[in-house]
Amino acid sequence: QKEVEQDPGPLSVPEGAIVSLNCTYSNSAFQYFMWYRQYSRKGPELLMYTYSSGNKEDGRFTAQVDKSSKYISLFIRDSQPSDSATYLCAMSAGTGGFKTIFGAGTRLFVKA
Amino acid sequence: EAGVTQFPSHSVIEKGQTVTLRCDPISGHDNLYWYRRVMGKEIKFLLHFVKESKQDESGMPNNRFLAERTGGTYSTLKVQPAELEDSGVYFCASRGTTDTQYFGPGTRLTVL
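Because the structure is a prediction, the values reported are computed rather than measured.

The rules behind each value
- Residues numbered from 1 in each chain as written.
- Chains lettered and ligands numbered in written order.
- Predicted model: local features only at pLDDT ≥ 70, side-chain atom pairs only at ≥ 80, totals over all residues.
- Heavy atoms only, no water.
- Helix = DSSP H or I, 4+ residues; strand = E, 2+ residues; numbered from the N terminus.
- Contact = heavy atoms within 4.5 Å.
- Polar contact = N/O pair within 3.5 Å; in protein donor to acceptor, adjacent residues only side chain to side chain.
- Pairing = 2+ DSSP bridges.
- Axes fitted to C-alpha atoms, helices over the stretch in contact; angles between N-to-C directions.
- Buried area = accessible area lost by both parts, 1.4 Å probe.
- Salt bridge = Lys/Arg side-chain N within 4 Å of Asp/Glu carboxyl O.

> Go over the environment of A:Thr100, please, and point to the residues and values.
Its location among the elements puts A:Thr100 in the loop between strand S9 (85-92) and strand S10 (101-102). Linking A:Thr100 and A:Phe30, residues 70 residues apart in sequence, is a C-alpha distance of 9.5 Å. When sequence neighbours within four positions are dropped, the list of residues in contact with A:Thr100 reads A:Met34, A:Ala90, A:Met91, A:Ser92, B:Tyr35, B:Phe45 and B:Gln101. A polar contact is formed between the side chain of A:Thr100 and the side chain of B:Gln101, at a distance of 3.1 Å.

And the structure:
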């Protein structure tokens, strides 16, 4: 069983839709939860970062962490064609130098 | 501020040859990470340097891979001899005093 499970998609939505991306994990030691966005032929870019449980909002993006269920989510409101990318969830226990475990990534297409 | 840079962007070699990948972290970042994404799989941790010392090399697949960071600045990852299964995208990331890892654009390695 993988430590982090993420549906690879692809997920296709119309412009303006609310997008929900999710990951589940099995390691209860994870304390740091990240969402990265990766455009084609580019490196991952940190989008959202949450420590422990709770919600975090940044513009059109909201990250949620439910440690009791080992479940994290990223919501994108008013999605735009420029949001089309691969979204990677990532987690770290924070010990041992912040070694990061990634999900497989979900490919998102936002149609104009 | 310059980001993480990686060279080359793409390398095509034949099985049995040697390839050396280079990563230049963000200036002043003591922490440097190597990750790899093979086709269809998630990004996986390879190793972590703190300055010139290997903090964690638990993700290195075998002894054909050698990472160095002489002087604690740039790092190299050498694969010798390369095998077909080594094909993938190799990412480097660096981190300063915060929790955030900044990724480079990656080196796409193709072993024929």
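> Could you give an account of the sheet that holds strand S1 (residues 5-7) of chain B, naming the residues involved and the relevant values?
All names here are of chain B. Strand order in this open sheet of 4 strands is S1-S3-S8-S7, and the pairing throughout is antiparallel. The sheet is open, and its two borders are formed by S1 and strand S7 (65-68), each paired with just one other strand. Each adjacent strand pair in this sheet contributes to an overall mean axis angle of 15°, direction not counted.

> Describe the interface of chain B and chain A, with residues and values.
Across the boundary between the two partners, chain B contributes 18 residues, which contact 19 residues of chain A. Summed over both partners, the interface of chain B with chain A comes to about 1,600 Å²; 53% of that surface belongs to carbon and sulfur atoms. Counting across the chain B and chain A interface gives 1 salt bridge. Linking B:Glu42 and A:Lys2 is a salt bridge whose minimum nitrogen-to-oxygen distance equals 3.6 Å. For the side of chain B that touches chain A, the secondary structure elements donating two or more residues are strand S4 (31-37), strand S5 (44-50) and strand S9 (88-95) of chain B.

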